[in-house]
Amino acid sequence: MKASINNTNIKHYLQQPEGETLEFKSKFTSDKQICSIISAFANTKGGILIIGFHEVDGIIGVSANETILIQKAFSLLTNPPEYITYNVTIDNKQLLIVEVKKNTNSLTSFQGALLYRSGESIVHMSTDKVEEFFPNYNDSNFPRGLVDILLEMNQTIKNQTDEITNLRKKSEHQTMINIIVGFIFCIVGVVLSKIFS
């Protein structure tokens, strides 16, 4: 893989909005976030992650330690994609560039989740999306068992994610009910104390 970004064209990239193939991070935030971005890029069209830049605050720069953290993040992926990392200097500050190549015959996962990019969002792959990635899925020579396992695993993860989201919504709803009931009891208490005093 050859570097796409250099000192000459970096400003052009920094003026682009985030999207399906471009993401900015002001700093290395967590393995989970970086691994999710990388695996989603690999499973979509590939992409470029620029660390040390914030769309509002501008160029922040990176520390030397962030390159090591990126290498560690790649080691946490299952079937990591082809990639390169390098630094580009702008305004006397270093930006860390991570270019991720699109997967061709495989999928990259992180903690069992298959992710892809939809615009600038990271989304769990549906069964249909996995089948779309493997167009020869119905070919009798294709190792169908592998894809079946991937489809089942991904559907389980999607179902669990949906269940967690529903539980979170129920919890928020119950919390709101508890606040309202508590507020009503406070009002009743104030009214009763005025009546009996």
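As a reminder, the structure under discussion sits directly above these lines.
Residue numbering note: each chain is counted from 1, following its sequence as written. Only residues with pLDDT of 70 or above have their local features reported here, since the model is predicted, and side-chain atom pairs are shown and tallied only from 80 upward, although totals for entire chains, interfaces and linings are computed over all residues. Values reported for side chains reflect all heavy atoms of the structure, with hydrogen atoms and water molecules removed beforehand.

### Side note on the nonpolar core
For step 1, the next point in the chain: Membership of the largest hydrophobic core comes to 18 residues, with the highest contact counts inside it found for Ile34, Leu49, Ile51, Ile70, Phe74, Val98 and Val100.
For step 2, the next point in the chain: Put simply, DSSP H or I for four residues or longer makes a helix, DSSP E for two residues or longer makes a strand, and each gets a number counted from the N terminus. Listing elements by their share of this core, those giving two or more residues are helix H2 (31–42), strand S2 (47–51), helix H3 (65–75) and strand S7 (93–100).
For step 3, the next point in the chain: Sort the elements by how many residues they give to this core and H2 lands first, with six residues.
For step 4, the next point in the chain: The contact criterion used throughout is that any non-hydrogen atoms of two residues lie within 4.5 Å. The residues touching Ile51, leaving out its near neighbours within four places in the chain, are Lys25, Lys27, Phe28, Ile34, Val62, Glu66, Ile70, Leu95 and Leu96.
For step 5, the next point in the chain: Counting 16 residues, the second-largest nonpolar core is a separate cluster that includes Leu14, Leu22, Tyr86 and Ile90. The criterion is simple. A nonpolar core is a set of buried Ala, Val, Leu, Ile, Met, Phe, Trp, Tyr and Cys residues joined through side-chain atoms within 4.5 Å. Here's how the labels work: a residue is buried when its accessible area is under 20% of the maximum for its type, exposed when over 50%, partly exposed in between, all with a 1.4 Å probe on protein chains only.

### A few points about the pairing of S2
For step 1, the next point in the chain: Here S2 lies mainly inside the structure; five of its five residues are buried.
For step 2, the next point in the chain: What you see with S2 is no split at all: Gly47, Leu49 and Ile51 on one side and Ile48 and Ile50 on the other are buried throughout.
For step 3, the next point in the chain: A pair of strands is treated as paired once DSSP finds two or more bridges between them. Where strand S1 (residues 22–25) and S2 come together, four bridges link them in parallel fashion. Residue pairing for S2: Lys25 is matched across the bridge by Ile51.
For step 4, the next point in the chain: Chirality of the crossover, the property in question, places the unit of S1, H2 and S2 among those that are right-handed. Throughout, right-handed denotes a crossover for which the path from the first strand over the helix to the second runs clockwise when the strands point away from the viewer.

### Describing the packing of aromatic side chains
For step 1, the next point in the chain: Stacked, tilted and edge-to-face are the three classes applied to pairs of Phe, Tyr and Trp rings, where Trp contributes its six-membered ring and a pair requires centres within 6.5 Å; stacked means planes under 30 degrees apart, edge-to-face means over 60, and tilted covers the rest. For the coordinates displayed, the defined rule picks out two aromatic pairs.
For step 2, the next point in the chain: With a centroid separation of 4.9 Å and an interplanar angle of 65 degrees, the aromatic rings of Phe24 and Phe53 are classed as edge-to-face. Of the two residues, Phe24 sits in strand S1 while Phe53 sits in strand S3 (residues 53–54), which places them 29 residues apart along the sequence.
For step 3, the next point in the chain: Note on Phe53: relative accessible area 8%, which makes it buried.

### Overview of the environment of Ile180
For step 1, the next point in the chain: Here Ile180 lies in helix H5 (residues 144–195).
For step 2, the next point in the chain: For the pair Ile180 and Gln155, spaced 25 residues apart in the sequence, the C-alpha separation amounts to 38 Å.

### Describing the pattern of salt bridges
For step 1, the next point in the chain: The term salt bridge refers to a side-chain nitrogen of Lys or Arg lying within 4 Å of a carboxyl oxygen of Asp or Glu. Within this structure, the stated rule accounts for five salt bridges.
For step 2, the next point in the chain: Between Glu23 and Lys25 there is a salt bridge; the shortest N-O distance is 3.2 Å. One exposure class covers both Glu23 and Lys25, and it is buried.
For step 3, the next point in the chain: When salt bridges that share partners are traced, they join Glu23, Lys25 and Arg117 into one network.

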